[in-house]
Amino acid sequence: MTTHRSLSGNSLMTMVLHRHMLVLSVIVVFSASPPLISATAQFCEAGIGYGESGCGTAASSSSLSKILIKGGTVVNAFYEEVADVYVEDGIIVAVKPNIKVDFDDVIVLDATGKFVMPGGIDPHTHLAFEFMGTETVDDFFHGQAAALAGGTTMHIDFVIPVDGSLLEGFKKYEKKARDSCMDYGFHMAVTKWDDKVSNEMEIMVKEKGINSFKFFMAYKGALMINDELLLDGLKKCKSLGALAMVHAENGDAVFDGQKRLIELGITGPEGHDLSRPAAVEAEATGRAICLASFVNTPLYVVHVMSIEAMEEIAKARKLGKRVIGEPVIAGLILNNSKLWDPDFRTASKYVMSPPIREAGNDKALQAALSTGVLQLVGTDHCSFNSTQKAFGIDDFRKIPNGVNGIEERMHLVWNAMVESGQISASDYVRITSTECAKIFNIYPRKGAILAGSDADIIILNPNASFEISTKSHHSRSDNNVFEGFTGKGKVEVTIAGGRIVWENEELKVIAGTGKYIKMPPYSYLFGGIDKTDANYLSSLKAPVQRFKSSA
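Residues numbered from 1 in each chain as written. Predicted model: local features only at pLDDT ≥ 70, side-chain atom pairs only at ≥ 80, totals over all residues. Heavy atoms only, no water.

Summing up its helical and strand segments, the protein has 16 helices and 21 strands in all. Among the 551 residues that make up the protein, the fraction classed as buried is 59%. Nonlocal contacts in the protein, meaning residues at least 24 apart in sequence, comprise 76% of its contacts between residues at least 6 apart. With an accessible surface of roughly 21,700 Å², the protein has 52% of that area assigned to carbon and sulfur atoms. (Helix = DSSP H or I, 4+ residues; strand = E, 2+ residues; numbered from the N terminus. Buried < 20%, exposed > 50% of the residue type's maximum accessible area, 1.4 Å probe, protein only. Contact = heavy atoms within 4.5 Å. Areas by Shrake-Rupley, 256 points an atom, 1.4 Å probe, with all protein chains shown as cover.)

Right, dumping it as structure tokens:
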């Protein structure tokens, strides 16, 4: 890929990540001339900027470049066109053929024969996550750096409350994310219920930019909630215009299954799979859908791993229920055979919840994604190293649950879904970026290549090949569940917030440049709910006026 650079301006000390090495390097940053048009102001006046990071603050001209992407096929979720893309001050200024600019300090990227797409948005990650007596190896900086190398330019992480307090949890995660090198948002978990939690949910939505709350139906004795709490949470979510999310497994059944297998002497990683079969995932999925329908509020089911759970979602959507199903890349690509590997180190790295299912589930989930039964792809990136996984060498219940995927998702989805002919390039953009932006109400700021959108862009070469290896990935983990996978369709350039952060197999990121993206309530999923509530009340034919019989 040819780039033409005008070497004017000041130098900036930044971090260059290349493979596993962190190297300090001097990167030339271009001095910005007065903009042709004020892209940021134009964007905000259009009413599509959200949160403090979007409007009212100017991007630093000393750290942003003017970029012109020439000759590529621009792909959005619903159409493709051959066009140029011009970026200035971190915003896409123009998308049209044959753009000409007169500035001397414009970086020109030749995208002829390649796809120019919105950067991926990962709806499901756990960075710097304290869980099962340890913490994930990828903090916000390193996890995000890995994401950028793989073409993902924003993620939404899960805040875990501190002793049940949402506000304290939010403060803690604000600190965790200080060194972010790409944009991010937050979901909030709810692990207990009282008036304080209810009030803090309002603060999260109205002041902190959180529009989704997650309820764990598993992890008994830790994060799990019961049906009464789930109902209270669903009603509160509805009142706030916030999306309810569930980890759907029957926690009581899992707890019983674990106990039974240990009693049988099954202590290895295969016991994890056997203790939480697809039936317990399907039951919880169906139960959550029923409760959300009872309240009449949208529901988002995270990490759909089995045919049985997927079928619960398909049945609900066929009946017109507002249910979103999110498969994750591990469930779409892998099967559970490695959990029976005789080497504990190999088998344990595949432990996640719900478990990776037997062969056949992967293809069924791909088919459901291609036909719209499932809507978008996450990763549930929750990476632990081999030493951490060994905590459960004598008891599978102590193996930290989680696998990688934040760097690999975009490549694997393209290879499995587009290269196989199951979906188009536009569908690919929809399931990896646009649908997430719409569900969480940040479209078209994110998830689009449009004038006024954030300059989060990838250039993907459909003819280039990739190979996944622990030796070359950017996660801090010493293992990778996709080790050895190869395929076609490679992200050659990643632009995040108007900065070229991945090019020529080199990662150049700056700690602290990532922005927290506030996500407003009442996404499209809430459209018409007030009318369905009114129609329900009018259909009751109650209360019935009865005459008291005389004695």
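This part is about a nonpolar patch on the surface. Taken together, the side chains of Tyr-536, Leu-537 and Leu-540 define a hydrophobic patch exposed on the protein surface, amounting to about 330 Å² of accessible area. Examined against the element boundaries, Leu-540 turns out to sit in the segment after α16 (529-538). (Patch = residues over 30% accessible without salt bridge, like charges linked within 9 Å, V, L, I, M, F, W, Y side chains within 5 Å. Salt bridge = Lys/Arg side-chain N within 4 Å of Asp/Glu carboxyl O.)

Turning our eyes to something else, we now look at the nonpolar core. Core analysis: the biggest nonpolar cluster contains 115 residues, and Phe-186, Phe-213, Phe-215 and Tyr-428 have the highest contact counts within it. The residues contacting Tyr-428, other than those within four sequence positions of it, are Met-117, Met-410, Val-413, Trp-414, Val-418, Ile-423 and Leu-460. (Core = buried A, V, L, I, M, F, W, Y, C linked by side-chain atoms within 4.5 Å.)

Among the 5 residues in strand β15 (residues 243-247), 5 count as buried, and that is most of the element. Alignment of strand β14 (residues 212-216) against β15, held across 5 bridges, turns out to be parallel. Within β15, the position partnered with Phe-216 by the bridge is His-247. Viewed along the sheet, the connection from β14 through helix α5 (residues 227-240) into β15 turns out right-handed. Summarising the sheet, β15 and strand β16 (residues 299-301) pair through 3 bridges and their orientation is parallel. Bridging from a neighbouring strand, Met-245 pairs with Tyr-300 of β16. (Pairing = 2+ DSSP bridges. Right-handed = clockwise from strand over helix to strand, strands pointing away.)

Taking 1.5 Å per residue as the helical rise, helix α8 (residues 278-295) with its 18 residues ought to reach 26 Å, and the 26 Å between its terminal C-alpha atoms agrees with that figure. Where the residues of α8 are buried, they touch α5, β15, α6 (251-263), β16, α9 (307-318) and β17 (323-325). Looking one or two residues past α8, Asn-296 carries a phi angle of roughly 65°, positive in sign. (Expected span 1.5 Å × (residues − 1).)

Here the focus is the packing of α5 against α8. At their nearest, the axes of α5 and α8 sit 10 Å apart, and the two run at 45° to each other. Compared by their axis directions, α5 and α8 come out oblique. Every pair of crossing elements has a handedness; the one defined by α5 and α8 is right-handed. Contacts between α5 and α8 pair Asp-227, Leu-230, Leu-231, Leu-234, Lys-235 and Lys-238 from the former with Arg-287, Leu-291, Ala-292, Phe-294 and Val-295 from the latter. Considered class by class, the residues forming the contact of α5 with α8 number 7 nonpolar, no polar and 4 charged. (Axes fitted to C-alpha atoms, helices over the stretch in contact; angles between N-to-C directions. Parallel < 35°, antiparallel > 145°, perpendicular 65-115°, else oblique. Left-handed = near helix turned anticlockwise from the far one by under 90°. Nonpolar A, V, L, I, M, F, W, Y, C, P; charged D, E, K, R; others polar.)

Take the packing of aromatic side chains next. One pass over the structure, following the stated rule, counts 17 aromatic pairs. An angle of 50° between the planes, with centres 5.5 Å apart, marks the rings of Phe-115 and Trp-414 as tilted. In this pair, Phe-115 is assigned in strand β8 (residues 115-118) and Trp-414 in helix α14 (residues 409-418), connecting sequence segments 299 residues apart. Taken individually, Phe-115 and Trp-414 each receive the classification buried, so the pair is uniform in this respect. (Phe/Tyr/Trp six-rings, centres within 6.5 Å; stacked < 30°, edge-to-face > 60°.)

Time to look at the packing of α14 against helix α15 (residues 425-439). Remark: α14 packs on α15, axes separated minimally by 11 Å, with the N-to-C direction vectors making an angle of 140°. Taken together, α14 and α15 sit at an angle that is classed as oblique. Between α14 and α15 lies a crossing of right-handed hand. Contact with α14, carried on its side by Arg-409, Met-410, Val-413, Trp-414 and Val-418, involves Ala-425, Tyr-428, Ile-431 and Thr-432 of α15 and no other residues of that element.

Put simply, the protein has an average pLDDT of 90, and 88% of its residues get 70 or more. Below pLDDT 50 for its whole length, residues 1-62 participates in 138 contacts with residues either more than four positions away or in separate chains. (pLDDT = per-residue confidence, 0-100.)

Turning our attention to unusual backbone geometry. In this structure, Pro-354 follows Ser-353 across a cis peptide bond, with omega equal to -10°. Among the structural elements, Pro-354 can be located in the loop between α11 (344-348) and α12 (361-370). Here the amide bond leading from Tyr-443 into Pro-444 is cis, since omega sits at 5°, within 30 degrees of zero. Mapped onto the elements of the fold, Pro-444 is located in the loop between α15 and β18 (457-467). Positive phi, close to 55°, is recorded for Asp-89, a residue that is not glycine. Within the element layout of this structure, Asp-89 appears in the loop between β5 (80-88) and β6 (91-96). The exposure class assigned to Asp-89 is partly exposed, which follows from its relative accessible area of 23%. Of note in this structure, Asn-504 is not a glycine but carries a positive phi near 55°. Tracing the sequence through the fold places Asn-504 in the loop between β20 (499-503) and β21 (506-509).

Where charged atoms from two side chains of opposite charge approach closely, those side chains can pair. Taken as a whole and assessed by the stated rule, the structure comprises 29 salt bridges. The salt bridge involving Lys-238 is made with Asp-533; its shortest N-O contact spans 2.7 Å. One end of the pair, Lys-238, is in helix α5; the other, Asp-533, is in helix α16, with 295 residues separating them in the sequence. Classification of Asp-533 by relative accessible area gives partly exposed; the value is 24%.

Relative to the elements of secondary structure, Ser-475 occurs in the loop between β18 and β19 (486-496). Separated by 2.8 Å, the side chains of Ser-475 and Asp-138 make a polar contact. In terms of polar contacts, Ser-475 uses its side chain to reach the backbone amide nitrogen of Ser-477, at 3.0 Å. (Polar contact = N/O pair within 3.5 Å; in protein donor to acceptor, adjacent residues only side chain to side chain.)

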